[in-house]
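In case you want the letters, here they are:
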Amino acid sequence: MRPPFLTTAVVAAAAALVLTACGGDDEADGVDESKLVLYSGRAESLVQPVIDQFEEATGTEVSVRYGSTSQLAAQLIEEGERSPADVFFGQDAGALGALTKAELFAPLPTEVLDVVDERFRAEDGTWVGASGRARVIAYNSAALDESDVPDSVFDLTSPEWNGRVGIAPGNASFQAFVTAMRVLEGDDVARQWLDAMADNGVERFDNNVLVLDAVDEGVVDLGLINHYYWYERVAEQGEDAVTAELKFLPGDDPGSLINVAGAGVLAGSDRGDEATRFVEFLLGEQAQSYFADETKEYPLRPGIPATEGLPPLESIDSPAIDLSDLDSLEETLRMIEEAGLT
Amino acid sequence: MVALPADPIDADPARASGESPGGARRHKRPPAVLVVPALVAAAIAVLPLAYLVVRSLDRGPVELFEILWRDRTLRLTMRSLSLTAAVTALSLVVGVTLAWLTTRTTLPGRTGWAVVAALPLAVPSYVAAYVWIAAFPRLDPFLGSVLVLTLCCYPYVLLPVAAMLHRADPALEEVARSLGRGQWQVFATVTLRQVRPAAAAGALLVALYTMSDFGVPAILRLDVLTRDIFISYRSSFDGTRPAALGLVLVALTLVIVWGEGRSRGRAAQARIGSGAARRHQPIVLSRWASVAALGWLCAVAGLALGVPIVSLAYWIARGSSAGLDLGALGSAAASTVSVAALGALLTTALAVPVGVLAARYRTSGVRLLEQASYAGHALPGLVVALSLVFFGVRYAQPIYQRTPLLVLAYAVLFLPAAVGAVRASVSQAPPVLEEMARSLGRSPGRVLRDVTLPLAGPGVAAGAALVFLTVMKELPATLLLRPTGMETLATRLWANTEVGSYAAAAPYGALLILLAALPTFLLGYRRRSTTLRTGPVSRLDRAEVAT
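What counts and how
Residues numbered from 1 in each chain as written. Chains lettered and ligands numbered in written order. Predicted model: local features only at pLDDT ≥ 70, side-chain atom pairs only at ≥ 80, totals over all residues. Helix = DSSP H or I, 4+ residues; strand = E, 2+ residues; numbered from the N terminus. Buried ≥ 20, exposed ≤ 12 C-beta atoms within 10 Å, placed from the backbone. Contact = placed C-beta atoms within 7 Å. Rg over C-alpha atoms; globule rule 2.2 N^0.38 Å. Arc of directions from axis to C-beta. pLDDT = per-residue confidence, 0-100. Domains from an automatic or database assignment. Nonpolar A, V, L, I, M, F, W, Y, C, P; charged D, E, K, R; others polar. Axes fitted to C-alpha atoms, helices over the stretch in contact; angles between N-to-C directions. Parallel < 35°, antiparallel > 145°, perpendicular 65-115°, else oblique. Pairing = 2+ DSSP bridges. Core = buried A, V, L, I, M, F, W, Y, C linked by C-beta atoms within 7 Å. Left-handed = near helix turned anticlockwise from the far one by under 90°.

Turning to the overall build of chain B, a few remarks are in order. Scanning chain B from terminus to terminus reveals 25 helices and 0 strands. Within chain B, the proportion of its 547 residues that are buried is 59%. The contacts of chain B with a sequence gap of at least 6 include a subset with a gap of at least 24, amounting to 86%.

Encoded structure:
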């Protein structure tokens, strides 16, 4: 008779599970009460070096949970005040605003907030921007000169650009840009623009990387993205391999919005001091230089130079907008949906 | 020796034949030793449903009605349905033809082809979608999704159909041939009917996978329910709309599961038992037929395996930024294998009581239990994960973001595959042995341990292997529920593609495919080796099934 191996397997499985559940504090299981828990909506490859620097500088160990900004924000909202997280580091002011609205953030001390220009932080002091990201138009340089590229996103609805523009309507940065358009120009203008873009055969992609791919390969001639995707692409593949070029829009166009990646301390955290120190560290010179050099974003601490080739932050006519207002995503989403662009 | 183990996702003769071996015990009450754990399994499987109901009613029934009562909801539903229909139909064509070619013909190298044909199961569908869109940026969203999903899913049909073709009674075909039917007529009138229940079971898994898959439509930009659910979550941070659409998905799944049950029911009348286990006389392919068959196999294998492998190799070779971090790769592989193993074990353990009940006691209560175990499979991993976040953080804080809760999520997601395997293999084991053991005074629990499970063991283990490989590829639930700091191959792959570092992502994708290929290889290979072993128990088995 064959040994009842399945029974053995089942018993072993149960035993293993019980053991993992009870012995949850061992290393393999990750969660460690003695560490600062960071939810990072920014990729490990970009953020881990900064965290290593922080651990070295302060001696505080950090346990990081990586995910997408929106997914982690949704998770934080689902977790509520029971969340194990101490700090949230996200790459969209809209998500930060949503967490403020859900009353999940504790206010930050003024000396932390004051490092950064008030355009780049929450009005009520619940989150602060750490790095800036400009909206740009990527264009295929084999098909177009920079002078051919329109100076405003509002020109993209003309017949000339029919079927030639790529967007990522599901992407938080695109939605923040549409929200900015609503805040700046009113809901009617934003709605008309979305409808006109849809009628003009705009091509939809799942994310900015795919938009840039499409511009690079000439599938579309123009793409609305954030500036650093191009700089990262060039860093990975070399400038010769990238056909796409960037245009920073002049004037107070919503297409030149500067959004931020930023951080806030969770109100439910029992390690608030260390969490605040982490946010402070993100605004320090070391971390700010890192963002400038490695992630090709704009450092928000005054006096830290941006990466080479990037027009200075002050030179971009970013529209005057309170980034906290970018949390009103629902109406934006409805408009994008009604225009048939989701 | 048990000579004829069932396949993981097998259609079982017991349900297919009019008088099933379980029939004798149809009126007996199922023992508590099975019912209680089965109830636990079903309760776990319907947790996400409870969450969806709670969330979708967040803002009251009026808001729920308004969300559902839109043109867009109908459009998304229709598109999800047409995608599912197209992928299922194509997977049936590909799966059945490949199964037939590799089991019943004189195709050159068919043993090797049988293994190769199953291997696409190892390719995660989101990886396939990524490489296709990277290679062909102008790929049509609908046709592209149909293509990619078919290439990833057809093995779900291939495996059970091939097993059935091995096992089916050759006598029927011989009779048909002796009555003057030609080869193709026999194939169309007899063979296809014999494989129908197996094909239906495989088609069900394909349909459920397609319906709940998020990665492929998201990457290829096809507007379906899952994509809308995901986009709503990440742009509005509001659970009402996605929960409402999740309920629509569940409703569609119920229709599909019900339809599959119906198609099995009708097929039943066409069968008169499995008959004797003899080898089939292989159909001799002419030279041109062989060339055409090989062309077809090469085309499928090239598209399903060649394209992803070549693309990954290209990205590995092209990237200059990708310094390969062997330590990270190794630890990701180790956590992938360990959570997948735990996932497979727990899923199989929960599936055993449900599967045994489903095989032996066809009461309406049992049928309900079995259907309940399918609930999680219909939902995108993200929804299942969020529901476990919701319940975990409130009622199971000690295991929240720890391995046990993650493993539980895998069980919710993949229970159906394991339940199917248990049900199929148990119903092929003769119940007379269990009855004998009972009459000799063994308790129902001991009968389960000493008789039923050892007999069904190999088939159940194959089911566990299928779950193991599916868990390795799982992404959304792993992202939300893994212990903080733990990374698997899938999460590393995702993190790198998210920032556009395809070159850095490629080694993780390649290793994932390689690791997943091992259990897939066993699944494909096992059915080759089982046909030749026909021991005494199998004759008893056959005799029992035939009566």
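Resuming the write-up.
With that out of the way, let us pick up the overall build of chain A. Looking only at helices and strands, chain A has 12 helices and 11 strands in total. On C-alpha atoms alone, chain A measures out to a radius of gyration of 22 Å, which is about the 20 Å that the 2.2 N^0.38 rule sets for 342 residues. Projected onto the principal axes, the alpha-carbon positions of chain A cover approximately 75 × 65 × 40 Å. The burial tally for chain A puts 54% of its 342 residues in the buried class. Of the contacts formed within chain A by residues at least 6 apart in sequence, a portion of 76% connects residues at least 24 apart.

Residue and element names in this part refer to chain A. Turning to helix α12 (residues 329-338), its buried residues number three or more, namely Leu329, Thr332, Leu333, Met335 and Ile336. Projected onto a plane normal to the axis of α12, the buried residues spread over an arc of 160 degrees and lie on a single side. Once α12 ends, the next one or two residues include glycine 340, with phi positive near 75 degrees.

On to the confidence of the model for chain A. Residue and element names in this part refer to chain A. Chain-level pLDDT for chain A is 85 on average; 90% of the residues reach the 70-or-more range. Of all helices and strands in chain A, the one with the weakest mean pLDDT is helix α1 (residues 5-22) (47), whereas strand β3 (residues 87-90) scores best (96). Within the model, the stretch residues 1-7 combines pLDDT values under 50 with 15 contacts to residues more than four positions away or in other chains.

On to the domain arrangement of chain A, then. All names here are of chain A. The domain architecture assigned to chain A consists of domain 1 (31-132 + 258-312) and domain 2 (133-257 + 328-338). Distance from the C-alpha centre of domain 1 to the C-alpha centre of domain 2: 26 Å. Of the residues lining the interface, 17 residues belong to domain 1; the matching set on domain 2 comes to 13 residues. Where the side of domain 1 that touches domain 2 is concerned, the elements lending two or more residues are α3 (69-79), α4 (93-101), β5 (128-140) and β10 (258-266). Sort the elements by how many residues they give to the side of domain 1 that touches domain 2 and β10 lands first, with 4 residues. Looking at the side of domain 1 that touches domain 2 residue by residue, the class counts come to 6 nonpolar, 8 polar and 3 charged.

For the rest of this paragraph, the subject is unusual backbone geometry. The phi torsion at A:Lys296 lies on the positive side, around 60 degrees, for a residue other than glycine. By C-beta crowding, A:Lys296 is classed as buried, having 24 other C-beta atoms within 10 Å. Here the phi dihedral of B:Gln401 falls at roughly 55 degrees; this positive angle occurs in a residue that is not glycine. On the secondary structure map, B:Gln401 appears in the loop between α18 (381-395) and α19 (403-428). On the basis of neighbour count, B:Gln401 is assigned to the buried category, with 29 C-beta atoms found within 10 Å.

Residue and element names in this part refer to chain B. Overall, the prediction assigns chain B a mean pLDDT of 79, with 85% of residues at 70 or greater. Confidence, expressed as mean pLDDT per element, reaches its minimum in chain B at helix α25 (residues 536-546) with 33 and its maximum at helix α8 (residues 141-153) with 94. With pLDDT under 50 throughout, residues 1-27 is counted as low confidence; its partners more than four residues away or in other chains account for 108 contacts. Confidence drops under a pLDDT of 50 for residues 528-547, and excluding neighbours within four residues, the segment shows 35 contacts in the predicted structure. On the interface metric, ipTM, the complex scores 0.70, and its pTM is 0.78.

Okay, the packing of helix α6 (residues 172-185) of chain A against α12(A) next. Residues and elements named next belong to chain A. Where α6 contacts α12, the two axes come as close as 9 Å, and the packing angle between them is 100 degrees. With respect to α12, the element α6 is oriented roughly perpendicular. Across from Gln175, Val178, Thr179 and Arg182 in α6, the residues of α12 making contact are Leu329, Glu331, Thr332, Leu333 and Ile336. For the contact of α6 with α12, a count of residues per class yields 4 nonpolar, 3 polar and 2 charged.

Further remarks concern the pairing of β5(A). Residues and elements named next belong to chain A. Burial runs high along β5: 13 of the 13 residues are buried. Pairing between β5 and β10: 6 bridges, direction antiparallel. Paired with serine 131 across the two strands is alanine 261, which belongs to β10. Note: β5 against strand β11 (residues 298-299), 2 bridges, orientation antiparallel. Pairing of glycine 132 across the sheet is with tyrosine 298, part of β11. Bridge analysis of β5 against strand β9 (residues 244-247) gives 4 bridges, and the strand direction is antiparallel. Residue isoleucine 137 lies in a different strand from β9, and its bridge partner there is lysine 247.

To continue, consider the nonpolar core. Counting 296 residues, the largest nonpolar core has A:Val87, B:Val161 and B:Ala409 as its most contacted members. The leading source of residues in this core is α19(B), at 18 residues. For this core, the domains that each give at least three residues are domain 1 (31-132 + 258-312) and domain 2 (133-257 + 328-338) of chain A. Excluding residues within four positions of it along the chain, B:Ala409 makes contact with B:Val384, B:Ala385, B:Leu388, B:Ala477 and B:Leu481.

Residues and elements named next belong to chain A. Of all 9 residues making up β10, 9 are buried, and the element is well covered by its neighbours. Bridge analysis of β3 against β10 gives 4 bridges, and the strand direction is antiparallel. Paired with phenylalanine 89 across the bridge in β10 is alanine 263. Pairing analysis gives 2 bridges linking strand β4 (residues 105-106) to β10, with the strands arranged antiparallel. Pairing of alanine 106 across the sheet is with valine 265, part of β10.

The next point concerns helix α8 (residues 208-217) of chain A. Residues and elements named next belong to chain A. Here α8 lies mainly inside the structure; 9 of its 10 residues are buried. Taken together, the buried positions of α8 are occupied by Asn208, Val209, Leu210, Val211, Leu212, Asp213, Ala214, Val215 and Asp216. Once α8 ends, the next one or two residues include glycine 218, with phi positive near 80 degrees.

Next up on the list: the environment of A:Arg277. Residues and elements named next belong to chain A. Its place among the elements puts arginine 277 in helix α10 (residues 272-282). Overall, the presence of 18 C-beta atoms within 10 Å leaves arginine 277 in the partly exposed class. As for arginine 277 and phenylalanine 54, which are separated by 223 residues in sequence, their C-alpha atoms are 9.2 Å apart.

All names here are of chain B. Across the interface, α18 lies against α19 with an axial gap of 10 Å and an inter-helix angle of 135 degrees. Between α18 and α19, the angle is such that the two are oblique. When you trace α18 past α19, the crossing you get is right-handed. Every residue of α19 that contacts α18 at Gly381, Val384, Ala385, Leu388 and Gly392 is listed here: Leu405, Leu408, Ala409, Val412 and Leu413. A class-by-class count of the residues in the contact of α18 with α19 yields 8 nonpolar, 2 polar and no charged.

What follows is about the environment of B:Leu159. Topologically, B:Leu159 is positioned in helix α9 (residues 155-167). Placed 326 residues apart in sequence, B:Leu159 and B:Gly485 show a C-alpha to C-alpha distance of 37 Å.

So, on to the environment of B:Ala129. Residues and elements named next belong to chain B. Turning to its location among the elements, alanine 129 is positioned in helix α7 (residues 125-135). C-alpha separation for the pair alanine 129 and valine 116, spaced 13 residues apart in sequence, amounts to 20 Å. Each residue touching alanine 129, except ones within four places of it in the same chain, is listed here: Val148, Gly215, Val216, Ile219 and Leu220.

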